Amino acid sequence: MSTVIKNGTIVTHDLTYKADIRVEGGKITEIGPNLSGDSELDATGAYVMPGGIDPHTHLEMPFMGTYSTDDFESGTRAALSGGTTMVIDFALPSPGQGLLDALKMWDNKSGRAHCDYSYHMAVTWWSQQVFDEMPEVVARGITSFKHFLAYKGALMVNDDELFSSFQRLRELGAIAMVHAENGDVVAELSARLLAEGNTGPEGHAYSRPTQVEGEATNRAIMIADMAGVPLYVVHTSCEESHEAIRRAKQAGKRVWGEPLIQHLTLDESEYFHPDWDHAARRVMSPPFRNKMHQDSLWNGLASGSLSVVATDHCAFSTDQKRYGLGDFTKIPNGTGGLEDRMPMLWTNGVRTGRITMNEFVAVTSTNVAKIFGMYPRKGAVAVGADADLVVWDPEKSKTITASTQQSAIDYNVFEGKEVTGLPRFVLSRGRVMVRDGAFDGHEGHGQFVARDANGPVSQALSAWKDLTAPRPVQRSGIPATGV
Ligand SMILES: NC(=O)NCCC(=O)O
Ligand SMILES: [Zn+2]
Ligand SMILES: [Zn+2]
């Protein structure tokens with residue numbers, strides 16, 4: 001059975017052209033004019049793009065005494081409804097828990113996914129066991145490892161652990177990832193703010209100024225460079241962090257930055273809202289920033305110093321947020337966004353001229369696939385690629401509201417925002433999951449995607465580090481050892 005997407009304009013990260021696409025057996029089998037097939041999807045007036053890939057989600061994640069509410073079922077339903085056809089979630093061992101044990105837990109949850117998925121592994125503690133289990137994790141196609149420099153006393157690792165882990169990742173050809181906020185400083189500032197009576201959600205923003213992010217980003221970049229491993233900085237929210245990434249890139253270091261759609265489009269005024277629930281629902285780390293920082297992030301996407309737009313989807317209900325009434329440090333950190341990332345980025349990025357359509361495809365899909373070792377199977381409109389495709393109607397509009405969303409939580413941080421640019425059809429390995437805007441998915445359709453280690457960037461960096469590694473100077477006439 002073949003499906004043909006007809007009369008659309010294909011938009012990839014580097015090309016825009018008119019052609020039809022034939023899909024068969026879950027793959028793209030032909031691209032060209034005047035194709036026909038067993039069934040047809042009309043893409044007249046629409047763009048046909050690689051489905052979005054969100055490289056940063058936390059579905060049913062144990063965190064801050066609870067579990068994030070969206071699981072692999074509701075989370076991937078939300079993803080597909082917004083044009084995202086793959087997510088990479090974080091397998092998160094509790095400190096003391098083995099990596100392989102955590103993977104089993106994530107495998108038990110992900111069977112309900114509607115779309116394809118992969119995992120990053122989190123390194124939340126360091127030991128011989130973690131060191132020994134890393135090769136098996138990489139062999140299973142989980143080739144990126146996240147480290148938290150924040151969340152002191154919970155998930156945070158120290159610099160010696162970070163350096164040990166980064167060196168191991170270099171040996172394995174894996175990618176290092178970092179949540180870059182200085183957890184020691186955040187803990188001190190939080191204690192002081194609480195003691196001074198700053199107990200509300202705005203205290204969360206006060207406790208995490210941009211300096212804590214800039215410092216930690218710079219530190220992680222330098223440690224990664226000394227270890228010789230490529231580094232991916234998650235949720236880059238401010239100029240200080242972006243500046244560190246920009247500077248590192250200019251100096252030839254291998255680093256990528258990932259702004260979130262929330263940081264691009266929402267600002268810190270949310271935390272000063274008179275309604276406690278409104279403010280607490282927006283508590284995430286790092287917090288939202290001001291317009292200057294937002295401009296920096298947009299400019300980074302346009303110039304290429306920032307590479308990906310993600311969501312960090314980690315959705316907690318209002319009741320869960322209320323764990324933090326009277327103490328902002330107990331508000332579960334995280335916001336949703338999976339259904340809204342693509343329409344919000346299109347509306348605020350492409351329609352305003354901040355980024356091009358091709359840049360949109362790059363930062364929502366292709367760059368993710370390249371960085372994380374699954375290109376061109378994912379992130380491409382090419383013969384042989386998985387038929388993860390979105391037929392994007394640039395004129396279709398809606399107002400975002402929790403009452404019609406797929407996410408299981410009771411609010412939406414983008415409530416009331418008008419978006420123009422929405423999926424008409426979304427295909428996951430050829431199966432139509434969204435039809436004329438209506439969800440028509442299938443629980444359990446999603447498959448795990450094993451990713452490659454030792455990508456071109458890892459190879460190049462390793463070769464350069466080997467070439468420039470310290471070597472003893474060979475001197476004649478002087479004994480090599482003392483007498
Ligand atoms: N970002 C956030 O506030 N929650 C999710 C966990 C993380 O990525 O730090
Ligand atoms: Zn994080
Ligand atoms: Zn996260």
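Cut-offs used in this document
- Residues numbered from 1 in each chain as written.
- Chains lettered and ligands numbered in written order.
- Predicted model: local features only at pLDDT ≥ 70, side-chain atom pairs only at ≥ 80, totals over all residues.
- Helix = DSSP H or I, 4+ residues; strand = E, 2+ residues; numbered from the N terminus.
- Rg over C-alpha atoms; globule rule 2.2 N^0.38 Å.
- Buried ≥ 20, exposed ≤ 12 C-beta atoms within 10 Å, placed from the backbone.
- Contact = placed C-beta atoms within 7 Å.
- Near = placed C-beta within 6 Å.
- Nonpolar A, V, L, I, M, F, W, Y, C, P; charged D, E, K, R; others polar.
- Pairing = 2+ DSSP bridges.
- Axes fitted to C-alpha atoms, helices over the stretch in contact; angles between N-to-C directions.
- UniProt positions renumbered as here; feature names shortened; annotations may be inferred.
- Expected span 1.5 Å × (residues − 1).
- Arc of directions from axis to C-beta.
- Core = buried A, V, L, I, M, F, W, Y, C linked by C-beta atoms within 7 Å.
- pLDDT = per-residue confidence, 0-100.

Considering the overall build of the chain
Of the regular secondary structure elements, the chain holds 15 helices and 20 strands. Taken over C-alpha atoms, the radius of gyration comes to 23 Å for the chain, in line with the 23 Å a tight globule of 483 residues would show. In terms of principal-axis extent, the alpha carbons of the chain reach across some 85 × 65 × 40 Å. For the chain, the proportion of its 483 residues judged to be buried stands at 55%. Put simply, 76% of the contacts in the chain that link residues at least 6 apart link residues at least 24 apart.

Points about the site of ligand 1
Around ligand 1, the surrounding shell consists of His58, His179, His235, Met284, Ser285, Asp312, Cys314, Asn333 and Gly334. Considered class by class, the residues forming the shell around ligand 1 number two nonpolar, six polar and one charged.

A look at the sheet that holds strand 4 (residues 20–24)
For sheets, the rule is that strands pair by backbone hydrogen bonds, running either parallel or antiparallel. Taken together, the four strands give an open sheet; going across it, the order is 5-4-1-6, and neighbouring strands pair in mixed fashion. In this open sheet, the two edge strands, each paired with only one partner strand, are strand 5 (27–32) and strand 6 (39–42). For this sheet, the mean angle separating the axes of adjacent strands, direction not counted, is 20 degrees.

Focus: the UniProt feature "modified residue: N6-carboxylysine" (unreviewed entry) in the chain
The UniProt entry lists Lys146 under the feature "modified residue: N6-carboxylysine" (unreviewed entry), expressed in the numbering used here. Inspection of the secondary structure assignment puts Lys146 in strand 13 (residues 144–148). Classification of Lys146 as buried rests on a count of 21 C-beta atoms within 10 Å. Aside from chain neighbours lying at most four places away, what touches Lys146 is Phe90, His120, Ala122, Met177, His179 and Val234.

Brief notes about the UniProt feature "domain: Amidohydrolase-related" (unreviewed entry) in the chain
Here the UniProt-annotated "domain: Amidohydrolase-related" (unreviewed entry) positions come out as residues 47–419. Overall, residues 47–419 shows 40% helix and 16% strand. The separation of its end C-alpha atoms is 16 Å.

Regarding the sheet that holds strand 20 (residues 438–439)
The seven strands lie next to each other as 3-2-7-17-18-19-20, forming an open sheet whose pairing is mixed. Edge strands, defined here as strands with exactly one partner in the open sheet, are strand 3 (16–18) and strand 20. Pairing geometry for strand 17 (residues 389–399) and strand 18 (residues 418–428), over eight bridges, is antiparallel. The residue of strand 18 that forms the bridge with Val391 is Phe425.

Things to note about helix 4 (residues 159–172)
Taking 1.5 Å per residue as the helical rise, helix 4 with its 14 residues ought to reach 20 Å, and the 20 Å between its terminal C-alpha atoms agrees with that figure. Regarding helix 4, the residues found buried are Leu162, Ser165, Phe166, Arg168 and Leu169. The arc that holds every buried residue of helix 4, seen down its axis, measures 165 degrees, which confines them to one face. For helix 4, the secondary structure elements touched by its buried residues are strand 12 (116–123), helix 3 (128–139), strand 13, strand 14 (175–179) and helix 7 (210–227). Gly173 sits one or two residues past helix 4 and shows a positive phi near 70 degrees.

Quick look at the pairing of strand 4
When you tally the buried positions in strand 4, you get four out of five residues, the bulk of the element. Bridge count for strand 1 (residues 2–6) against strand 4 is four bridges, and the pairing is antiparallel. Across the sheet, Ile5 pairs through a bridge with Ile21, a residue of strand 4. Sheet analysis places strand 4 next to strand 5, joined by five bridges and oriented antiparallel. In the strand pairing of strand 5, Arg22 is matched with Glu30.

Quick notes on the environment of Glu188
Here Glu188 lies in helix 5 (residues 183–195). What makes Glu188 partly exposed here is the crowd of 13 C-beta atoms within 10 Å.

Details of the environment of His204
Within the secondary structure, His204 sits in helix 6 (residues 202–206). Separated by 53 residues in sequence, His204 and Gly257 place their C-alpha atoms 23 Å apart. Residues in contact with His204, not counting those within four places in the same chain, are Tyr271, Val283, Pro287, Phe328 and Ile331.

Here's the deal with helix 11 (residues 291–303)
Its 13 residues place the ends of helix 11 18 Å apart at the C-alpha level, agreeing with the 18 Å of an ideal helix rising 1.5 Å per residue. Among the residues of helix 11, those classed as buried are His293, Gln294, Ser296, Leu297, Gly300 and Leu301. Projection of helix 11 onto a plane perpendicular to its axis shows the buried side chains occupying an angular sector of 155 degrees, all on one side. The exposed set on the far side of helix 11, more than 90 degrees from its buried face, consists of Lys291, Met292 and Ser303. Residues of helix 11 that are buried sit in contact with helix 7, helix 8 (239–250), strand 16 (255–257), helix 9 (261–265) and helix 14 (357–371). Immediately downstream of helix 11, the backbone of Gly304 shows phi near 90 degrees, a positive value.

Looking at the nonpolar core
When a protein is soluble and globular, its nonpolar side chains tend to lie buried together. Core analysis: the biggest nonpolar cluster contains 127 residues, and Val48, Ala176, Ala220, Leu231, Val233 and Val391 have the highest contact counts within it. A total of eight residues in this core trace back to one element, the largest contributor, which is helix 14. The residues touching Leu231, leaving out its near neighbours within four places in the chain, are Ala176, Val178, Ala220, Ile221, Ala224, Arg254 and Val255. Counting residues in each nonpolar core, the second largest holds eight residues, with Tyr271, Val283, Phe328 and Ile331 among its members.

A few points about the confidence of the model for the chain
Residues at a pLDDT of 70 or more form 99% of the chain, whose mean pLDDT is 97. Of the two predicted TM-score estimates for the complex, the pTM is 0.98 and the ipTM is 0.99.

Structural notes on unusual backbone geometry
A cis amide bond links Ser285 to the next residue, Pro286, at an omega of -10 degrees. Looking along the chain, the bond that leaves Tyr375 and enters Pro376 is cis, with omega of 5 degrees. Assignment of secondary structure puts Pro376 in the loop between helix 14 and strand 17. The phi angle at Asn7 is positive, at roughly 70 degrees, despite the residue not being glycine. Examined against the element boundaries, Asn7 turns out to sit in the loop between strand 1 and strand 2 (9–11).

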